Amino acid sequence: MSVNDDFPMIRPVPYMGVIWVVHEASKLGFWNGHPDWCNLGQGQPEVGDMEGAPPRIKSVTMKDADQAYGPLGGSDEMREIIASTYNRLYRRGMKSQYTAKNISFAGGGRLALTRLFATFADGSRVLYKSPDYTAYEDYLAYHKARLTLVPVMTREEDGFSLPPDALEACIRRQNINAYVFSNPCNPTGEAVMGKDLERYVESARENKCLLGCDEFYSHFIYNEDGSPASGPVSAAAYVEDVNKDPVLLVDGLTKSHRYPGWRAGWIAGPEHVIEMVNRAASALDGGPSLIVQRAAMEALDPERYHQETTAMRRGFAKKRRLMLERLKAMGITPAAEPRGTFYIWATIRDLPAPLNDGDAFFHACLQEKVMTVPGRFFDVRPLGVRDIDEPFGSWVRFSYGPPEAVVETGLSRIEKVIAQAR
Ligand SMILES: Cc1ncc(COP(=O)(O)O)c(C=O)c1O
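Caption draft 1: Examining unusual backbone geometry more closely. Here the residue pair Asn 183 and Pro 184 is connected by a cis peptide bond, since its omega of -10° sits within 30 degrees of zero. The residue Pro 184 is located in the loop between strand E5 (178-182) and helix H7 (194-207) in this model. At the junction of Asn 186 and Pro 187, the peptide bond is cis and its omega measures out at 25° in the coordinates. Within the secondary structure, Pro 187 is located in the loop between E5 and H7. Positive phi values are uncommon outside glycine, yet Asn 175 reaches one of about 45°. Checked against the element boundaries, Asn 175 lands in the loop between helix H6 (164-173) and E5. Note on Asn 175: 12 C-beta atoms within 10 Å, which makes it exposed. The phi dihedral of Thr 341 falls on the positive side, at around 65°, and the residue is not glycine. Assessed through the 31 C-beta atoms surrounding it within 10 Å, Thr 341 is described here as buried.

Caption draft 2: Inspection of the site of the ligand at higher detail. In the vicinity of the ligand there are 13 residues, among which Gly 108, Gly 109, Arg 110, Ser 182 and Thr 254 approach most closely. Here the shell around the ligand is built from residues that sort into three nonpolar, eight polar and two charged.

Caption draft 3: Geometry of the sheet that holds strand E13 (residues 395-399). Within the open sheet, the four strands sit side by side as E9-E10-E13-E12. Their pairing is antiparallel. On the outer flanks of this sheet lie strand E9 (333-334) and strand E12 (373-374), each paired with one strand and no other. Summarising the sheet, strand E10 (residues 343-347) and E13 pair through five bridges and their orientation is antiparallel. Counterpart to Ile 344 in the pairing with E13 is Phe 398. Against the sheet, helix H10 (residues 302-329) contacts E9, E10 and E13, and its axis sits at roughly 15° relative to E10.

Definitions and cut-offs
- Residues numbered from 1 in each chain as written.
- Predicted model: local features only at pLDDT ≥ 70, side-chain atom pairs only at ≥ 80, totals over all residues.
- Helix = DSSP H or I, 4+ residues; strand = E, 2+ residues; numbered from the N terminus.
- Buried ≥ 20, exposed ≤ 12 C-beta atoms within 10 Å, placed from the backbone.
- Near = placed C-beta within 6 Å.
- Nonpolar A, V, L, I, M, F, W, Y, C, P; charged D, E, K, R; others polar.
- Pairing = 2+ DSSP bridges.
- Contact = placed C-beta atoms within 7 Å.
- Axes fitted to C-alpha atoms, helices over the stretch in contact; angles between N-to-C directions.

Structure follows, in structure tokens:
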């Protein structure tokens with residue numbers, strides 16, 4: 001008898017891509033921080049000191065009131081700091097400004113997203129795209145009995161992004177009520193920005209379609225020539241009335257401030273929606289930790305914020321260039337020169353068989369202690385079905401989240417795997 005027979009009331013919860021990768025690698029001796037392994041599958045940025053960045057925050061001083069339950073959406077002080085960060089970065093000179101009431105603080109981005117999905121009204125038609133962030137699959141699946149889930153496949157020739165016209169057509173033709181997507185996108189690194197992002201926001205406003213912009217990589221932005229951009233990207237810049245436009249921004253300290261272990265995330269949006277998100281938090285999680293909020297307040301100090309994100313972009317732009325060049329030299333072709341994140345989404349279809357298959361490639365690299373993520377994990381399938389062939393079977397997500405030396409070693413080992421197969 002298998003464990004499944006003993007517990008028929010428990011569903012086989014699917015692995016998220018990175019968790020499966022770690023699980024497979026651990027069978028060969030991997031553990032987090034193992035010095036011999038190169039985790040180019042990882043979804044986190046390097047968390048240590050970086051050139052030009054302020055010292056890492058390592059302690060926090062609590063106040064007496066922090067021992068009690070805190071507010072469900074975060075303390076007023078915390079929410080005010082996040083609101084003013086949005087106003088400073090994206091809304092200078094605009095009449096409509098975010099306030100504490102526009103912010104819901106949560107224990108990490110995934111919890112913020114969980115709260116958001118819980119607020120969608122029964123019968124809502126929710127659009128999602130492939131490829132996109134693996135966790136959406138499960139969020140959508142939780143609600144499949146009460147929401148209508150509408151998939152849209154992006155095209156390789158569009159860099160796996162959804163052009164504004166295509167989004168507008170989807171919303172209108174399929175009566176979409178909400179669209180949740182990562183921008184910049186995990187796994188493709190593509191970023192909808194400038195005029196295109198403005199048109200996304202216009203479509204949302206005109207069609208009363210809620211735009212859930214998961215902006216966890218908002219600060220990982222590079223110019224067309226690969227140099228670090230001068231600042232972040234957010235749909236917040238195109239919102240007209242913060243309380244009327246149906247635009248929600250999800251972000252946190254996990255990626256852009258390199259504190260994934262803190263579990264600090266938030267949603268910014270219209271007061272009414274935020275109020276409902278916070279009510280959902282009451283049953284889901286009981287509100288965020290006050291210790292984390294104390295630390296987050298320090299991380300969001302404007303001077304530190306600027307120093308950290310500027311240094312981070314500079315360091316990551318260097319790793320991006322390195323990885324792009326070396327992958328191309330190996331015959332691995334990136335979908336595009338990604339303008340965001342710390343991922344490169346590339347096809348291995350020109351490699352000699354069997355390395356031209358994402359899983360075979362993954363297992364071959366694993367033998368050399370290098371981790372990657374097979375593309376199939378990013379095909380968001382909340383309904384558990386895919387009626388066409390595996391669309392991303394020859395695609396792989398490579399991460400340059402680890403320190404530069406690890407990225408270099410990992411790439412050299414992949415080179416070796418390919419050379420042996422030729
Ligand atoms: C697109 C996207 N959104 C949200 C998150 C959530 O981050 P966390 O829950 O670790 O704060 C991630 C992390 O991988 C992500 O890639």
